[in-house]
Amino acid sequence: MSLTAATAPMRLFAGRRGLMLASILLLNFVVWLDSAKFSLLNPFWSADLHLSPAQISGATASYLLGYFPLLLLAGIMADRVGAKLMLVICIVGVTVLSATMAFVHTYEEMWWRNFFFGIFFGFLWAPSQRLLSVWFPGALNARATSVWMSSCLVAGVIAPAIALPLANHLSWRDAFLIVAALGIPALIMLVLFTSNKPEKLRGISAAEVARIQQEHRGATVREKLTFRELLAALRNRSVLTMIIATAFATTPTWLSGPWLPYGLITLEKVDPDTVAWVSPLIAAVPVLFGLVNGSLVARFFGGRTRPWLVLGPACGAIGFALGVVLHDSSWILWGFFIGAFAFLCDPMFWGTVNSYWSGIARPEVTGTLNGASAAMQVAVGWILTDQSGRWIDSAAEGRAQLDTVWIVGAIVFAIAIIPVLLSREVRVHQAVAAEAAPATPPSMTTGGAVETRP
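Residues numbered from 1 in each chain as written. Predicted model: local features only at pLDDT ≥ 70, side-chain atom pairs only at ≥ 80, totals over all residues. Heavy atoms only, no water.

## Looking at the state of the cysteines
Turning to step 1, where the next piece is worked out: Under the counting rule described, the total for this entry stands at zero disulfides.
Turning to step 2, where the next piece is worked out: Between Cys-315, a free cysteine, and Cys-345, which holds the nearest cysteine sulfur, the sulfur-to-sulfur gap is 7.8 Å. (Disulfide = S-S within 2.5 Å.)

Shown next as structure tokens:
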């Protein structure tokens, strides 16, 4: 099956579409920054609240418990009601919940605060991808989605430089209050520069709307679908196997959140200020890769998406396995494989799967499909994170206490590869000029040019 755009590639940040993309990137950066700094400041708030390792994992996992049900609900609501409203709910709720960290003083308060934070966090993922599928069809979608994935990951690059110095020299509560203020400009841009359909965005030209419609191969992209149409997409066997794959593909990266800084600051006794400038260098690796992932998908393996959906979890498994092998080596090398090489899975997998959904089903159902897949991923992530505190081996020395955590993570990464291989292939090609090749009639199921191959 191949997915082909109709016209020459358009720059991602051109015109009003570029402003829309910039708004989505800022929104995702701010929300993920809030999530990243929570895990990063684990050594500070866990010490202040006198929490045990089991309580640390319990508090960290509580937001996943609130997060995963809303992922599916927000995806369905994005397809039925509109993605923009879901994103407004997200940024308002996350901003308020971030500020409430200043008033948390017990484990129970921390648990419930994180649970409600996860609920609002759940309104981010699927609606963002739904908008990208509508605004960036075909090969351009792989590029836009990969850049979007980098905006999520770049929060991990910036978070140490912002959160650790604030927590180390002021307080961890101040770090949460300051970052919460970033939600205000993100909300303003979201309201002004996004819409559920291109033609509804204020100030967009008729020519730009026509160009986007042409990239959809002339198929009508509807703002809302019926529940029957949404359920119909779930009957596809490859949709179901890929949803199963997403339940495991990047799930172990949740383990890095609380235990990577714990290993460096609590076990290795690395100065937080040192971690603040080294961590961004490590985390920059998957972010920079994410900026080129979309182009690589279109240019290599014949434009096939499945190899990239396999390579991502494979990198995760190798990275975590090396984290076990290298627990007595340099902490920088150890942190690189756990926090950088393993995290290549995120841009490779999530930066590609949205193109897969657009090719295997209608672009309009990507909200539901991303919601279902992300909900599965976070549900498994909640189980792993909640149990991970019990895997700490206090009898071991230094970072070796965390070996079981990384072994379990590597196994889960490897399991994800199986359902990917059972899923049907989708090809995403570079767009071609209209005069270079005749247009292929649009598929009734995908809204784009789809060619079935034996």
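Read on for the rest.
## Some words on the packing of helix α15 (residues 306-325) against helix α17 (residues 345-360)
Turning to step 1, where the next piece is worked out: With their axes 8 Å apart at the nearest point, α15 and α17 run at an angle of 160 degrees to one another. Regarding the angle of α15 to α17, the classification is roughly antiparallel. Seen along the crossing, α15 lies across α17 with a hand that is left-handed. In this structure, α15 uses Trp-308, Leu-309, Leu-311, Gly-312, Pro-313, Cys-315 and Gly-316 to contact α17, whose residues at the interface are Cys-345, Met-348, Phe-349, Thr-352, Val-353 and Tyr-356.
Turning to step 2, where the next piece is worked out: Along the lines of polarity and charge, the residues of the contact of α15 with α17 split into ten nonpolar, three polar and no charged. (Axes fitted to C-alpha atoms, helices over the stretch in contact; angles between N-to-C directions. Helix = DSSP H or I, 4+ residues; strand = E, 2+ residues; numbered from the N terminus. Parallel < 35°, antiparallel > 145°, perpendicular 65-115°, else oblique. Left-handed = near helix turned anticlockwise from the far one by under 90°. Contact = heavy atoms within 4.5 Å. Nonpolar A, V, L, I, M, F, W, Y, C, P; charged D, E, K, R; others polar.)

## Considerations on unusual backbone geometry
The phi angle of most residues is negative, glycine excepted, and most peptide bonds adopt the trans form.
Turning to step 1, where the next piece is worked out: The backbone phi angle of His-50 is positive, close to 60 degrees, even though this residue is not glycine.
Turning to step 2, where the next piece is worked out: Mapping His-50 onto the fold places it in the loop between α2 (42-48) and α3 (53-80).
Turning to step 3, where the next piece is worked out: Positive phi, close to 65 degrees, is recorded for Lys-269, a residue that is not glycine.

## Re the packing of aromatic side chains
Turning to step 1, where the next piece is worked out: With the rule as written, the count across this model stands at 28 aromatic pairs.
Turning to step 2, where the next piece is worked out: With 6.5 Å between their ring centres and 70 degrees between their planes, Phe-38 and Phe-176 make a pair best called edge-to-face. Here Phe-38, found in helix α1 (residues 15-40), pairs with Phe-176, found in helix α8 (residues 172-180); they are 138 residues apart in sequence, far enough to count as distant. For the pair formed by Phe-38 and Phe-176, the shared burial category is buried. (Phe/Tyr/Trp six-rings, centres within 6.5 Å; stacked < 30°, edge-to-face > 60°. Buried < 20%, exposed > 50% of the residue type's maximum accessible area, 1.4 Å probe, protein only.)

## Re the side chain of Ser-128
Turning to step 1, where the next piece is worked out: With respect to the secondary-structure elements, Ser-128 resides in helix α6 (residues 125-135).
Turning to step 2, where the next piece is worked out: Contacts of Ser-128, omitting those with residues within four sequence positions, involve Ile-24, Asn-28, Leu-87 and Trp-148.

## Let's talk about the nonpolar core
Turning to step 1, where the next piece is worked out: Grouped together as the largest cluster of nonpolar side chains are 130 residues, with contacts concentrated most on Leu-41, Tyr-67, Phe-349 and Trp-406.
Turning to step 2, where the next piece is worked out: With 14 residues, helix α7 (residues 138-169) is the single largest residue contributor to this core.
Turning to step 3, where the next piece is worked out: Of all hydrophobic cores here, the second largest spans six residues; its members include Phe-289, Val-297, Trp-308 and Met-348. (Core = buried A, V, L, I, M, F, W, Y, C linked by side-chain atoms within 4.5 Å.)

## Re the packing of α3 against helix α13 (residues 253-267)
Turning to step 1, where the next piece is worked out: Following both chains from N to C, one finds α3 and α13 inclined at 150 degrees, their axes separated by 11 Å at the closest point. If you check the angle between α3 and α13, you find them roughly antiparallel. For the element pair α3 and α13, the recorded crossing hand is right-handed. Mapping the contact onto sequence places Pro-53, Ile-56, Ser-57, Thr-60, Tyr-63, Leu-64 and Tyr-67 in α3 and Trp-254, Pro-258, Trp-259 and Tyr-262 in α13.
Turning to step 2, where the next piece is worked out: Class assignment for the residues of the contact of α3 with α13 results in nine nonpolar, two polar and no charged.

## Digging into the confidence of the model for the protein
Turning to step 1, where the next piece is worked out: Of the residues in the protein, 87% have a pLDDT of 70 or more, and the chain-wide mean is 81.
Turning to step 2, where the next piece is worked out: Within the protein, the element-level pLDDT minimum falls on strand β3 (residues 449-451), averaging 30, and the maximum on helix α19 (residues 403-421), averaging 94.
Turning to step 3, where the next piece is worked out: pLDDT under 50 marks residues 430-454. Its contacts with residues more than four places away, or in other chains, come to 53 contacts. (pLDDT = per-residue confidence, 0-100.)

## Quick look at helix α9 (residues 183-193)
Turning to step 1, where the next piece is worked out: Gly-183, Ala-186 and Leu-190 are the residues of α9 that are buried. Down the axis of α9, the smallest arc covering the buried residues is 60 degrees, so these residues share one side.
Turning to step 2, where the next piece is worked out: Among the structural elements, α1, α4 (83-99) and α8 are those in contact with the buried residues of α9. (Arc of directions from axis to C-beta.)

## Side note on the pattern of salt bridges
Turning to step 1, where the next piece is worked out: The final tally for this structure, using the stated rule, is six salt bridges.
Turning to step 2, where the next piece is worked out: The partner of Asp-34 in a salt bridge is Arg-113, and the shortest N-O contact between them spans 3.7 Å. Of the two residues, Asp-34 sits in helix α1 while Arg-113 sits in helix α5 (residues 107-121), which places them 79 residues apart along the sequence.
Turning to step 3, where the next piece is worked out: Looking at Arg-113, the relative accessible area reads 6%, which means it is buried.
Turning to step 4, where the next piece is worked out: In this structure, the salt-bridge partner of Glu-425 is Arg-306, at a minimum N-O distance of 3.8 Å. Taken together, the positions of Glu-425 in the loop between α19 and β2 (427-428) and Arg-306 in helix α15 put the pair 119 residues apart, joining distant regions of the chain. (Salt bridge = Lys/Arg side-chain N within 4 Å of Asp/Glu carboxyl O.)

## Structural notes on a nonpolar patch on the surface
Turning to step 1, where the next piece is worked out: A cluster of nonpolar side chains, namely Ile-184, Ile-188, Val-191 and Leu-192, defines an oily patch on the protein surface of about 370 Å² accessible area.
Turning to step 2, where the next piece is worked out: Position of Ile-184 relative to the elements: it lies in helix α9. (Patch = residues over 30% accessible without salt bridge, like charges linked within 9 Å, V, L, I, M, F, W, Y side chains within 5 Å. Areas by Shrake-Rupley, 256 points an atom, 1.4 Å probe, with all protein chains shown as cover.)

## Notes on the environment of Asp-273
Turning to step 1, where the next piece is worked out: Within the secondary structure, Asp-273 sits in helix α14 (residues 272-299).
Turning to step 2, where the next piece is worked out: Looking at Asp-273, the relative accessible area reads 28%, which means it is partly exposed.
Turning to step 3, where the next piece is worked out: The spatial distance from the C-alpha of Asp-273 to the C-alpha of Leu-164 is 6.7 Å, given a sequence separation of 109 residues.
Turning to step 4, where the next piece is worked out: Not counting residues up to four positions away in its chain, the partners in contact with Asp-273 are Pro-165, Asn-168 and His-169.
Turning to step 5, where the next piece is worked out: Looking at Asp-273, its side chain comes within polar contact range of the side chain of Asn-168, at 3.1 Å. (Polar contact = N/O pair within 3.5 Å; in protein donor to acceptor, adjacent residues only side chain to side chain.)

## Some remarks on the side chain of Asp-34
Turning to step 1, where the next piece is worked out: A relative accessible area of 3% means that Asp-34 is categorised as buried.
Turning to step 2, where the next piece is worked out: For Asp-34, the contacting residues outside a window of four places in its chain are Val-94, Ser-98, Arg-113, Phe-117 and Phe-176.

## Observations regarding α6
Turning to step 1, where the next piece is worked out: Counting buried positions over the eleven residues of α6 gives eleven, a clear majority of the element.
Turning to step 2, where the next piece is worked out: Within α6, burial applies to Trp-125, Ala-126, Pro-127, Ser-128, Gln-129, Arg-130, Leu-131, Leu-132, Ser-133, Val-134 and Trp-135.

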